[in-house]
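Listed here are the chains, written in short residue letters.
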Amino acid sequence: MELYFSLIVPVFNRPDEVKELLESLTLQTDKRFEVVIVEDGSTRPCKEICDAYKERLDICYLDKPNSGRSKTRNFGMDHASGNYFIIFDSDCIMPPHYIETVRTCLEHDFTDCFGGPDSSDSSFSNLQKAISYSMTSFMTTGGIRGGMKNVNKFTPRSFNMGISKACYEKVGGFKDMIGEDIDMSFRIRENGFKPRLLPEAFVCHKRRSTLKGFFRQVRTFGRGRILLNKMHPGALKLVHMLPAAFAVGNVLLLLAAALFQSWYWLLPIAVYVLCIFMESLIRERSVRVAVISIAAAYVQLFGYGIGFIDECITHKASRTTQEKLY
């Protein structure tokens, strides 16, 4: 059976990003796909933009009341005509060989679920490049986002995630919760499917455009990890606790330096900051991006750590999710 891809893109008030995404899709070397744009009750819809690309792309534009990204993705898959769904965030840009790469990989060694990594693009702002570095660096995530090739550990994320129609119909869709893509990946594995990383199938992901927005996002991720462990016992690993330890450790080192008035206590922080700067400088080849990467890394680790600790104490996300799902 020939694979026909349906690209599922939930959208909420992002017409400019959708235009960039659609433009990148017109440049694909493999044209055998449809684009399913699902407007999630936006006040700034992207219908006119989608209409402008109908001559160059097979676009299905759907508009629905606001219900959140999980139900919006499910709505898109329910209305798609393809036999394999690929889910993107609306702020992604596709390299020209993305579809061709995915098709080649799946035809050579088929899998019902895959995930791909993300990277930055030359058009990104310096802050977006720094955030992209922070979210993909071994110095911050331990290599678990997009770099883990072990199928027993790799967890596809919904900014770049493929699911066969057969897998979707058996497992069901995304749940309305924090960490819905990780929960989906766990349920896919629990149903006998093996998610796989396709390292060549990367996307350029803009992520957040402010450090404040980035902090809120990663704080939510930290909350979600506790919730996921309650739903899938064993989901919590040592690596997920490190941001909380990092946040507490940095505060203790700063307090020690202040109390004892010795700069020796700041050496571990200085070494870590230097490592981030050098790695980002080598990757991005920009001193400015490398400096901002230090701030992005600290925002990421402190945000995730604070969310993790807060959820351990308050169980706020867990209670809210139970009210929604049960």
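Now for a look at the structure at hand.

Quick notes on the rules
- Residues numbered from 1 in each chain as written.
- Predicted model: local features only at pLDDT ≥ 70, side-chain atom pairs only at ≥ 80, totals over all residues.
- Heavy atoms only, no water.
- Core = buried A, V, L, I, M, F, W, Y, C linked by side-chain atoms within 4.5 Å.
- Buried < 20%, exposed > 50% of the residue type's maximum accessible area, 1.4 Å probe, protein only.
- Helix = DSSP H or I, 4+ residues; strand = E, 2+ residues; numbered from the N terminus.
- Contact = heavy atoms within 4.5 Å.
- Phe/Tyr/Trp six-rings, centres within 6.5 Å; stacked < 30°, edge-to-face > 60°.
- Salt bridge = Lys/Arg side-chain N within 4 Å of Asp/Glu carboxyl O.
- Axes fitted to C-alpha atoms, helices over the stretch in contact; angles between N-to-C directions.
- Parallel < 35°, antiparallel > 145°, perpendicular 65-115°, else oblique.
- Left-handed = near helix turned anticlockwise from the far one by under 90°.
- Nonpolar A, V, L, I, M, F, W, Y, C, P; charged D, E, K, R; others polar.
- Pairing = 2+ DSSP bridges.
- Disulfide = S-S within 2.5 Å.
- Patch = residues over 30% accessible without salt bridge, like charges linked within 9 Å, V, L, I, M, F, W, Y side chains within 5 Å.
- Areas by Shrake-Rupley, 256 points an atom, 1.4 Å probe, with all protein chains shown as cover.

**Observations concerning the nonpolar core**
The biggest cluster of nonpolar side chains holds 34 residues, and the ones touching the most others in it are Phe5, Leu7, Leu22, Leu25, Ile37, Ile86 and Tyr98. Secondary-structure elements contributing two or more residues to this core are strand E1 (5-11), helix H1 (15-25), strand E2 (33-40), helix H2 (47-52), strand E3 (59-64), strand E4 (84-88) and helix H4 (98-108). If you tally residues by element for this core, the top one is H4, at 5 residues. Ignoring any residue separated from it by four or fewer positions in sequence, one finds Leu22 in contact with Val35, Ile37, Ile49, Cys50, Tyr53, Leu57 and Ile59. Counting 18 residues, the second largest nonpolar core, distinct from the first, contains Leu62, Ile163, Cys167 and Met184.

**Some details on the packing of aromatic side chains**
Per the stated rule, a full pass over the model turns up 12 aromatic pairs. Taking the centre distance of 6.1 Å and the plane angle of 20° together, the rings of Tyr298 and Phe302 count as stacked. Of this pair, Tyr298 and Phe302 both sit in helix H12 (residues 287-314), 4 residues apart, which is roughly one turn of that helix. Classification of Tyr298 by relative accessible area gives buried; the value is 17%. Judged by relative accessible area, Phe302 falls into the partly exposed class, the value being 22%.

**Focus: the environment of Leu198**
Looking at where Leu198 falls in the secondary structure, it is placed in the loop between strand E9 (196-197) and strand E10 (203-205). Discounting chain neighbours no more than four positions away, the residues touching Leu198 are Cys105, Phe114, Gly115, Gly116 and Pro117.

**With respect to the pattern of salt bridges**
Per the counting criterion, the structure on display carries 17 salt bridges. Ionic pairing is found between Asp51 and Lys54, a salt bridge with its closest N-O pair at 3.6 Å. Counted as one network, the salt bridges with shared partners bring together Glu2, Asp30, Arg32 and Arg103.

**Observations concerning the packing of helix H9 (residues 211-231) against H12**
Where H9 contacts H12, the axes come no closer than 7 Å and their chain directions differ by 40°. Between H9 and H12, the interaxial angle falls into the category oblique. Judged by the sense of rotation from one axis to the other, the crossing of H9 with H12 is right-handed. Tallied by class, the residues present in the contact of H9 with H12 amount to 14 nonpolar, 5 polar and 5 charged.

**Some words on the sheet that holds strand E7 (residues 118-119)**
Read across the open sheet, the 3 strands follow the order E5-E10-E7; overall the sheet is mixed. Both edges of this open sheet fall to strand E5 (92-93) and E7, since each of them pairs with a single strand only.

**Description of unusual backbone geometry**
In this model, Asn13 sits at a positive phi of 55°, which is unusual for a non-glycine residue. Structurally, Asn13 is set in the loop between E1 and H1.

**Points about the sheet that holds E4**
Strand pairing in a sheet is mediated by backbone hydrogen bonds. Such pairs are either parallel or antiparallel. Strand order across the open sheet formed by 7 strands is E3-E2-E1-E4-E8-E6-E9, with mixed pairing between neighbours. The sheet is open, and its two borders are formed by E3 and E9, each paired with just one other strand. Contacting strand E6 (113-115) and strand E8 (160-164), helix H8 (residues 180-190) crosses the sheet at an angle of about 35° to E8.

**Overview of the state of the cysteines**
Counted by the stated rule, this structure contains 0 disulfides. Cysteine Cys50 shares no disulfide, and the gap to the nearest cysteine sulfur, in Cys46, comes to 4.0 Å. Here Cys60 is not cross-linked by a disulfide; its sulfur's nearest cysteine counterpart is in Cys50, at 9.8 Å.

**Describing a nonpolar patch on the surface**
A grouping of Val248, Val251, Leu252, Leu255, Leu259, Phe260, Trp265, Ile309 and Ile313 is seen on the molecular surface, where their side chains present a nonpolar patch of about 910 Å² in accessible area. Mapped onto the nonpolar patch, the elements with two or more residues apiece are helix H10 (238-260) and H12. Here the element with the most residues in the nonpolar patch is H10; it accounts for 6 residues. Structurally, the position occupied by Phe260 is in helix H10. What makes Phe260 exposed here is its relative accessible area of 58%.

**Overview of the environment of Ile276**
With respect to the helices, strands and loops of the structure, Ile276 is situated in helix H11 (residues 267-284). Exposure remark for Ile276: the relative accessible area of 0% places this residue in the buried category. Separated by 136 residues in the primary sequence, Ile276 and Thr140 place their C-alpha atoms 8.8 Å from one another. What Ile276 contacts, discounting residues up to four positions off in sequence, is Tyr133, Met139, Ser293, Ile294 and Ala297.

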